[in-house]
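# Tertiary structure, described
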Amino acid sequence: ERHERMLARVEAIVAAHDDLVLCRTSSQVRAAKQQGKIAALLAIEGANCLDGDPEAVDAFAERGVRLMQLTHFFANGIADGTEGWRRPHGGITPLGVEVVRRMNATGMVVDAAHMTDVGIAQLARICRAPFLSSHTGVRGLRDRQRNLSDASIDLIAASGGLVGIVLFPPYLAK
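From a predicted model like this one, the values you see are computed outputs, not experimental measurements.

Here the focus is the pattern of salt bridges. In total, this model carries 5 salt bridges according to the counting rule given. Two residues, Arg-63 and Glu-11, come together in a salt bridge whose shortest N-O distance is 2.8 Å. Here Arg-63 is found in the loop between helix H3 (56–62) and strand E4 (65–69), whereas its partner Glu-11 is found in helix H1 (residues 2–15), with 52 residues between them in sequence. Here Arg-102 ties to Asp-58 by a salt bridge, and the two come within 2.8 Å at their closest N and O atoms. Of the two residues, Arg-102 is situated in helix H4 (residues 94–106) and Asp-58 in helix H3; the sequence distance between them amounts to 44 residues. What makes Asp-58 partly exposed here is its relative accessible area of 22%. One network of salt bridges, in which partners are shared, links Glu-4, Glu-11, Arg-24 and Arg-63.

Regarding helix H5 (residues 117–126), the residues found buried are Gly-119, Ile-120, Gln-122, Leu-123 and Ile-126. Here the buried residues of H5 occupy an arc of 160° about the axis, which is enough to place them on one side. Residues of H5 that are buried sit in contact with H4, strand E5 (109–111) and helix H6 (150–158).

Below, the discussion takes up the side chain of Asp-80. With respect to the secondary-structure elements, Asp-80 resides in the loop between E4 and H4. Within the buried set, Asp-80 has no salt-bridge partner at all; the shortest N-O distance to an opposite charge, 6.0 Å, is to Arg-87. Here His-89 takes part through its backbone nitrogen, which lies 3.1 Å from a polar atom of the side chain of Asp-80. Looking at Asp-80, its side chain comes within polar contact range of the main-chain nitrogen of Gly-91, at 2.9 Å. Apart from the residues lying within four places of it in its own chain, the contact partners of Asp-80 are Thr-71, Ala-75, Arg-87, Pro-88, His-89, Gly-90, Gly-91, His-114, Met-115 and Thr-116.

Next up on the list: the pairing of E4. Within E4, 4 of the 5 residues are buried, leaving the element largely enclosed by the surrounding structure. As judged from the 3 bridges shared by strand E3 (residues 42–44) and E4, these two strands associate in the parallel manner. If you follow Ile-44 over to E4, its bridge partner there is Met-68. Taken together, E3, H3 and E4 form a β-α-β motif whose crossover is right-handed. By the bridge criterion, 3 bridges tie E4 to E5 in an arrangement that is parallel.

Right, let's get into the layout of surface pockets. As a volume, the largest pocket reaches approximately 290 Å³. His-3, Met-6, Ala-43, Ile-44 and Glu-45 are, among the 15 residues lining the largest pocket, the residues nearest its centre. Secondary-structure elements contributing two or more residues to the lining of the largest pocket are H1 and E3. Ranked by residue count, the leading element in the lining of the largest pocket is H1, at 5 residues. Class assignment of the residues belonging to the lining of the largest pocket gives a composition of 10 nonpolar, 3 polar and 2 charged. The volume enclosed by the second largest pocket comes to roughly 220 Å³. The wall of the second largest pocket is formed by Arg-24, Thr-25, Ser-26, Val-29, Leu-41, Leu-42, Ala-43, Arg-66, Leu-67 and Val-109.

Rules of the game
- Residues numbered from 1 in each chain as written.
- Predicted model: local features only at pLDDT ≥ 70, side-chain atom pairs only at ≥ 80, totals over all residues.
- Heavy atoms only, no water.
- Salt bridge = Lys/Arg side-chain N within 4 Å of Asp/Glu carboxyl O.
- Helix = DSSP H or I, 4+ residues; strand = E, 2+ residues; numbered from the N terminus.
- Buried < 20%, exposed > 50% of the residue type's maximum accessible area, 1.4 Å probe, protein only.
- Arc of directions from axis to C-beta.
- Contact = heavy atoms within 4.5 Å.
- Lys, Arg positive; Asp, Glu negative; His and termini not counted.
- Polar contact = N/O pair within 3.5 Å; in protein donor to acceptor, adjacent residues only side chain to side chain.
- Pairing = 2+ DSSP bridges.
- Right-handed = clockwise from strand over helix to strand, strands pointing away.
- 1 Å grid on protein atoms, 1.4 Å probe; cavity = no way out; pocket = protein on both sides within 12 Å on 5 of 7 lines; lining within 4 Å.
- Points joined across faces, edges and corners; volume = space filled by probe spheres on them.
- Nonpolar A, V, L, I, M, F, W, Y, C, P; charged D, E, K, R; others polar.

Rendered as structure tokens:
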């Protein structure tokens, strides 16, 4: 219910601004650009909102969510995160595998931001679509566990995905 309210709030914000368009497809994004508008896409940071139910992916996809991170900083029931000392799963959990499969089936993009190298390697084996890391740094430039290793960057690229660099000084080169 809380998530439904949050999605409704985003929809209301977009509706209140003539220069924004809520897009659910790539053709809608292209149309927004042609009209000189800003395309807004619904994304979820951390899959905790699924409450352990992989079928909830379908409900979020139906509401227009097009991208979801599996973790947000810390481990959850889906996968280990990069922050803190606790990494109880050794990567992606069986529930996480089910979630990735549901995301692939609905066309929702898997976001590997905040995932460990082990989790990203597992994701590369189970994900049947390009995946990405929406916001990160590069560990070769700044050695932080939150930043991606070269191996993880290569796996994302090999999937056909992309890496977005976060403009946050502690994650960038000195």
